[in-house]
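A look at the structure
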Amino acid sequence: MEDKVIKQISLFAENKPGRLASVANKLKSAGINIRAFTIAESGDFGIIRMVVDRSDYAHRVLHDAGFTVSETSVLGIEMEDVPGSMSRIAEVFGEASINLDYAYAFVTRDQKALLIVRVNEIEKAVKTLEENGIKLIGMKELEKI
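Residues numbered from 1 in each chain as written. Predicted model: local features only at pLDDT ≥ 70, side-chain atom pairs only at ≥ 80, totals over all residues. Heavy atoms only, no water.

The number of helices and strands found in the protein is 5 helices and 7 strands. Counting the 145 residues in the protein, one finds 41% classified as buried. Across the protein, every contact between residues at least 6 apart in sequence was considered, and the portion connecting residues at least 24 apart equals 70%. Of the roughly 8100 Å² that the protein leaves accessible, carbon and sulfur atoms contribute 47%. Between the mean site of the 19 positive side-chain charges and the mean site of the 22 negative ones, the protein shows a separation of 6 Å. (Helix = DSSP H or I, 4+ residues; strand = E, 2+ residues; numbered from the N terminus. Buried < 20%, exposed > 50% of the residue type's maximum accessible area, 1.4 Å probe, protein only. Contact = heavy atoms within 4.5 Å. Areas by Shrake-Rupley, 256 points an atom, 1.4 Å probe, with all protein chains shown as cover. Lys, Arg positive; Asp, Glu negative; His and termini not counted. Charge placed at Lys NZ, Arg CZ, Asp CG, Glu CD.)

And the structure:
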């Protein structure tokens, strides 16, 4: 199952001007490419969640720079970039009683959409998606995108 999971970087940061630039500059200096990210704000602080091409290295770089950072296992679900693709994924999860904690998406160079999801039961989600013919993208494939 390890080859079906993506390591997401989550970073707890003060909600102030220049904070995202600081994070992005550290990654840039280390040659780490951000594939997708989202920011969840909560007053004075926020959580920056991101998928990068080299997550272990990114974690080390950000941690060594003094950021509060962690890794979370998420799934990368490949979808056609057409209306209804998200609906199919949502229906599969709903029918299997799998809850989505959060999700965000981006379009790849190959004109596919990649949906990043954190779910309550990752092993069950992997099995359910595979049984329904839905392709998962692992870290090795993500590094090539």
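Still more to cover.
Another point: the pairing of strand β2 (residues 34–42). Relative to strand β3 (residues 45–52), β2 runs antiparallel, the two sharing 8 bridges. Bridge pairing links alanine 36 to valine 51 in β3. (Pairing = 2+ DSSP bridges.)

In this fold, glutamate 78 is placed in strand β4 (residues 68–80). Glutamate 78 sits in the partly exposed class, given a relative accessible area of 24%. Considering only alpha carbons, one finds glutamate 78 and lysine 112, 34 residues apart in sequence, at a separation of 6.7 Å. If we skip the residues at most four places from it in the chain, glutamate 78 touches Lys112, Ala113, Leu114, Ile134, Lys135 and Ile137.

The complete set of buried residues in helix α3 (residues 85–95) reads Ser85, Ile89, Val92 and Phe93. Here the buried residues of α3 occupy an arc of 95 degrees about the axis, which is enough to place them on one side. Opposite the packed face of α3, turned more than 90 degrees from it, sit the exposed residues Gly94 and Glu95. Along its buried surface, α3 packs onto β4, β5 (100–107), β6 (112–119) and α4 (122–131). Of the residues trailing α3, serine 97 is marked for its positive phi of about 55 degrees. (Arc of directions from axis to C-beta.)

Turning to α4, a few remarks are in order. Regarding α4, the residues found buried are Ala125, Val126, Thr128 and Leu129. Elements in contact with the buried residues of α4: β4, α3, β6 and β7 (136–137). Just downstream of α4 lies glycine 133, where phi reads positive at about 70 degrees.

Right, let's talk about the packing of helix α1 (residues 19–29) against helix α2 (residues 55–64) for a bit. Two elements in contact, α1 and α2, have axes separated by 10 Å at closest approach and are oriented at 125 degrees. Looking at the two axes, α1 sits oblique to α2. Seen from above, α1 lies across α2 with right-handed handedness. Across the interface between the two elements, Val23, Lys26 and Leu27 of α1 pack against Ala58, Val61 and Leu62 of α2. Of the residues that constitute the contact of α1 with α2, the class distribution is 5 nonpolar, no polar and 1 charged. (Axes fitted to C-alpha atoms, helices over the stretch in contact; angles between N-to-C directions. Parallel < 35°, antiparallel > 145°, perpendicular 65-115°, else oblique. Left-handed = near helix turned anticlockwise from the far one by under 90°. Nonpolar A, V, L, I, M, F, W, Y, C, P; charged D, E, K, R; others polar.)

This brings us to the packing of aromatic side chains. In this structure the tally under the stated criterion is 1 aromatic pair. With a centroid separation of 5.0 Å and 10 degrees between ring planes, the pair formed by phenylalanine 12 and phenylalanine 45 is classed as stacked. Here phenylalanine 45 lies in strand β3 and phenylalanine 12 lies in strand β1 (residues 5–14), a separation of 33 residues in the sequence. On the accessibility criterion, phenylalanine 12 (44% relative accessible area) is partly exposed. The class for phenylalanine 45 is partly exposed, based on a relative accessible area of 35%. Directly above the ring of tyrosine 102 sits arginine 49, whose terminal nitrogen or CZ lies 3.9 Å from the centroid. (Phe/Tyr/Trp six-rings, centres within 6.5 Å; stacked < 30°, edge-to-face > 60°. Lys NZ or Arg CZ within 6 Å of the ring centre and 35° of its normal.)

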